[in-house]
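# Structural overview for review
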Amino acid sequence: PGAVLLTGSDPQAGEFFAARAVPQLPIAPAATADAATFLVDTSLSSNPDRFNIYLTLLRAVLDKNRDSLKTFNVLFFSVDAHWYSPQPVANTPANVDAVLAFANTLALEGATDLGAALAEAAHHGKTDLFLLSDGAATWGQGNLHALGKLLAGTGALFAYQTGLAGTDTSALVHLARESGGAVFSVTGEAEIDKAATAHVNRHGRARSVEVTG
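Residues numbered from 1 in each chain as written. Predicted model: local features only at pLDDT ≥ 70, side-chain atom pairs only at ≥ 80, totals over all residues. Heavy atoms only, no water.

Moving on, we come to the packing of helix H1 (residues 48-64) against helix H2 (residues 93-103). As a packed pair, H1 and H2 sit with axes 11 Å apart at the nearest point and diverge in direction by 170°. It follows from the interaxial angle that H1 and H2 lie roughly antiparallel. For the pair H1 and H2, contact is made by Phe51, Leu55, Leu58, Arg59, Leu62 and Asp63 and by Val96, Asp97, Val99, Leu100 and Ala103, respectively. A per-class count over the contact of H1 with H2 returns eight nonpolar, no polar and three charged. (Axes fitted to C-alpha atoms, helices over the stretch in contact; angles between N-to-C directions. Helix = DSSP H or I, 4+ residues; strand = E, 2+ residues; numbered from the N terminus. Parallel < 35°, antiparallel > 145°, perpendicular 65-115°, else oblique. Contact = heavy atoms within 4.5 Å. Nonpolar A, V, L, I, M, F, W, Y, C, P; charged D, E, K, R; others polar.)

Laid out in structure tokens, this is it:
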């Protein structure tokens, strides 16, 4: 229906309104790195449903951006963090199959030390970061401003909101904003293909919304 405006009043509290504004933003290509680091949450909160979405997203991002995304590595983390490979690997179908096969051997257990994962990723050069996690830090550093500072010197961080319970949306949004990245919605398999290439477009930020009256 386009823009929606609801108004109401309360004798004691006064006038209220709720509005929905959908900006029409121009689509322009964004500068993206030719290397990517995927941070995959293997804690207990990544129950099989969430973890399966993460792995499907990982494959989709690598497959659908193969022309521009040349190399990648994966950091699996819970209370600790470990790399899939000592060095980045080429983005080939065989390497993608191999990393997914490895991921399916991992146990989903423990808490989420998001700070340790971000710090470890920051030590490995400037690449785009793809955070496949609910963003809920249940171990280690949990202050959002401290977590944001860990991203200094990295590339943009892109995160995905699955719609499953337990997602710390404010944390994902803060980390994406601090790094110049974005958060994309993936609430079903139908949105995965679109989300897999969403990061290649320039992202906007709403600074204010005004409603007449």
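Attention shifts here to the pattern of salt bridges. Scanning all chains against the criterion turns up two salt bridges. We note a salt bridge from Asp97 to Arg59, for which the minimum N-O separation is 3.0 Å. Residue Asp97 is located in helix H2, and its partner Arg59 is located in helix H1; the two are separated by 38 residues in the primary sequence. For Arg59, a relative accessible area of 30% corresponds to the partly exposed category. (Salt bridge = Lys/Arg side-chain N within 4 Å of Asp/Glu carboxyl O. Buried < 20%, exposed > 50% of the residue type's maximum accessible area, 1.4 Å probe, protein only.)

Take the pairing of strand E2 (residues 14-20) next. Of the strand pairs in this sheet, strand E1 (residues 4-10) and E2 are connected by seven bridges, and their pairing is antiparallel. Each residue of the ladder has a partner; that of Ser9, found in E2, is Glu15. (Pairing = 2+ DSSP bridges.)

Time to look at the packing of aromatic side chains. Within the structure shown, the criterion is met by seven aromatic pairs. Here the aromatic rings of Phe158 and Phe184 are separated by 6.2 Å at their centres, their planes lie at 20°, and the arrangement is stacked. Taken together, the residues Phe158 in strand E8 (residues 157-161) and Phe184 in strand E9 (residues 182-185) connect sequence positions 26 residues apart. In this structure Phe158 comes out as buried when scored by relative accessible area, which is 3%. Through successive ring pairs, a cluster of aromatic residues spans Phe38, Phe72, Phe130, Phe158, Tyr160 and Phe184. (Phe/Tyr/Trp six-rings, centres within 6.5 Å; stacked < 30°, edge-to-face > 60°.)

The next point concerns the pairing of E8. Burial within E8 is extensive, with four of its five residues counted as buried. Here three bridges tie strand E7 (residues 128-132) to E8, and the two strands are oriented parallel to one another. Within E8, the position partnered with Phe130 by the bridge is Phe158. Once the chain exits E7 it traverses helix H4 (residues 144-149) before rejoining the sheet at E8, and the crossover so formed is right-handed. The pairing of E8 with E9 spans four bridges and is parallel. Note on E9: the bridge partner recorded for Phe158 is Ala182. Each parallel crossover has a hand, and for E8 linked through helix H5 (residues 169-179) to E9 it is right-handed. (Right-handed = clockwise from strand over helix to strand, strands pointing away.)

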